[in-house]
Amino acid sequence: MKFNTKTIHGGQSHEAATGSVMPPIFQTSTYAQSSPGKHKGYEYSRAQNPTRTALENAFAAIENGTHGFAFSSGLSAIDCVLRLLNPGDEIIAGDDLYGGTYRMFTRLFQKYGLQFTFVDMTNTDTVTEALTEKTRLIWMETPTNPLMKIADIAAITKTVKAYNTDILVAVDNTFSTPYIQRPLDLGADIVMHSATKYLGGHSDLVMGALMVKDKKLGENLHFIQFAGGAIAGPMDSFLALRGVKTLHLRMQRHSENGNAVANFLVGHPKVGEVYYPGLANHENHEVAKKQMDHFGGMVSFRLKDESQRAAFTFLENTKVFTLAESLGGVESLVNHPNTMTHASIPEPERLKIGITDSLIRLSVGVEDIEDLLADLTQALEKVS
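The rules behind the values
- Note on numbering: residues in each chain are counted from 1, in written sequence order.
- With the structure being a predicted model, the display of local features is reserved for residues of pLDDT at least 70 and the display and counting of side-chain atom pairs for 80 or more, all residues being used for whole-chain, interface and lining totals.
- The basis for every side-chain value is the complete set of heavy atoms in the structure, and neither hydrogens nor water enter the calculation.
- Under the DSSP-based scheme used, a helix requires at least four consecutive residues in state H or I and a strand at least two consecutive residues in state E, with every element numbered from the N terminus.
- Only protein chains enter the area calculation, which uses a 1.4 Å probe; residues under 20% of their type maximum are buried, those over 50% are exposed, and those in between are partly exposed.
- It only takes one pair of heavy atoms within 4.5 Å for two residues to be counted as in contact.
- Within 6.5 Å between ring centres, the rings of Phe, Tyr and Trp (the latter by its six-membered ring) count as paired, and their orientation is classed by plane angle as stacked under 30 degrees, edge-to-face over 60, tilted in between.
- For a ring to carry a charge above it, either NZ of a lysine or CZ of an arginine must fall within 6 Å of the ring centroid while also lying within 35 degrees of the normal to the ring plane.
- Whether two strands pair depends on DSSP finding at least two bridges between them.
- Every axis in this analysis is a line fitted to C-alpha atoms, fitted for helices over the stretch in contact. Angles between the N-to-C directions lie between 0 and 180 degrees.

## Concerning the environment of Phe226
Right, so step 1: With respect to the helices, strands and loops of the structure, Phe226 is situated in helix α7 (residues 215-228).
Right, so step 2: On the accessibility criterion, Phe226 (32% relative accessible area) is partly exposed.
Right, so step 3: Separated by 179 residues in the primary sequence, Phe226 and Ala47 have C-alpha atoms spaced 5.2 Å apart.
Right, so step 4: Among all residues touching Phe226, those that are not within four sequence positions of it are Arg46 and Ala47.

Below, the structure is given as structure tokens:
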């Protein structure tokens, strides 16, 4: 199937009992058995639930994987990956990460004996130089949150596997979605999504996802999911599956609007640097063109006035863009990473990578582009 068809039909079948086109919401915790151990494939909903199974099959299909897993949040999906490791193992991660990921790495798992090294993954050599005999996982975000850096997934994976084939390569594909890039096809072992964002697409659920191709890896992740219990419920699974079916339509508009907003900001006299991989002057534009089919709806930029006051003036005056955490819904959102999504990162680390008071992140929605540009124009006019 082509991708646009796969979002609707991939991994799916009509419900067996009634022929229902959409899978029902199986709001049940347990299942009848005819004899101990004899059942119809389902025993207890922490292990499997038919609504979640339908969603997980769709997750696997759209990332060209063989196994998909739906979790109670994006962070619980990351937690599952880290539980594959043992005390003393080392993880190499990007230096520009979602604040919650950084917090989990440094404040939860580091005290259990995992070691984390943060490097600039826009340069493959920095990853190579950080590899040691104890390295067991590479954690990539690309594009990164919030500075929109691009890592070369294929090049990093090739280098890492040449060093040690047992090192796992995981990619947080939340910003791009498989409509734009497919890390498993580029050699990665694991793809992670905060399905709260674009996969769900309507700001009405919290969920995480993992997708893999390797059978043994899939079995290990399923065991951790089952034993740890951080599963997605049937209602959220139903909502997420509905979201997946329109992913291609939404991402097309997100990308069109994101590109228009980025180009508008580049020419505005009150705007400094604009971070969007679709811009020809983006430092990783050539890599982005190589591995991304489109450039998405996430745009970050700096005001020329670098004060917090200027940023807050802008943030308090948008009318179509809603000031809120999160991203990826049909509605446009605006965010201040320094005090919101990335506040858990210590200030010296934020400043070192460029998360300052003047940095603003936009999640460009699917509204009419003229309304979005008009809103940005009037809000920027309020900035002195």
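Here the narrative resumes.
## Brief notes about the packing of aromatic side chains
Right, so step 1: Applying the stated rule across the entire model yields 8 aromatic pairs.
Right, so step 2: When the centroid spacing of 4.6 Å and the interplanar angle of 15 degrees are considered together, the rings of Phe105 and Phe116 count as stacked. In this pair, Phe105 sits in helix α4 (residues 99-109) while Phe116 sits in strand β3 (residues 115-119), placing the two residues 11 residues apart along the sequence.
Right, so step 3: For Phe105, a relative accessible area of 0% puts it in the buried group.
Right, so step 4: When the ring of Phe109 is compared with that of Tyr112, the centres are 6.5 Å apart and the planes differ by 80 degrees; the resulting orientation is edge-to-face.
Right, so step 5: Accessibility expressed as a relative area gives 9% for Phe109, which makes it buried.
Right, so step 6: Judged by its relative accessible area of 54%, Tyr112 is exposed.
Right, so step 7: Three or more aromatic residues link up through ring pairs in this structure, and these residues are Phe105, Phe116 and Trp139.
Right, so step 8: Against the face of Phe226 rests Arg46, its NZ or CZ located 4.8 Å from the ring centre.

## Concerning the sheet that holds strand β7 (residues 208-212)
Right, so step 1: Spatially, β1-β7-β6-β5-β4-β2-β3 is the arrangement adopted by the 7 strands of the open sheet, whose pairing is mixed. Sheet topology places β1 (67-71) and β3 at the edges, where each strand pairs with a single neighbour. Within this sheet the neighbouring strands show an average axis-to-axis angle of 20 degrees, counted without direction.
Right, so step 2: Strand direction decides the pairing type here: strand β2 (residues 90-94) and β3, joined by 5 bridges, are parallel. Residue pairing for β3: Ala93 is matched across the bridge by Phe118.
Right, so step 3: Across the face of the sheet, helix α2 (residues 50-62) comes into contact with β1 and β7 while running at roughly 125 degrees to β1.
Right, so step 4: α4 contacts β2, β3 and β4 (135-141) of the sheet and is inclined by roughly 150 degrees relative to β3.

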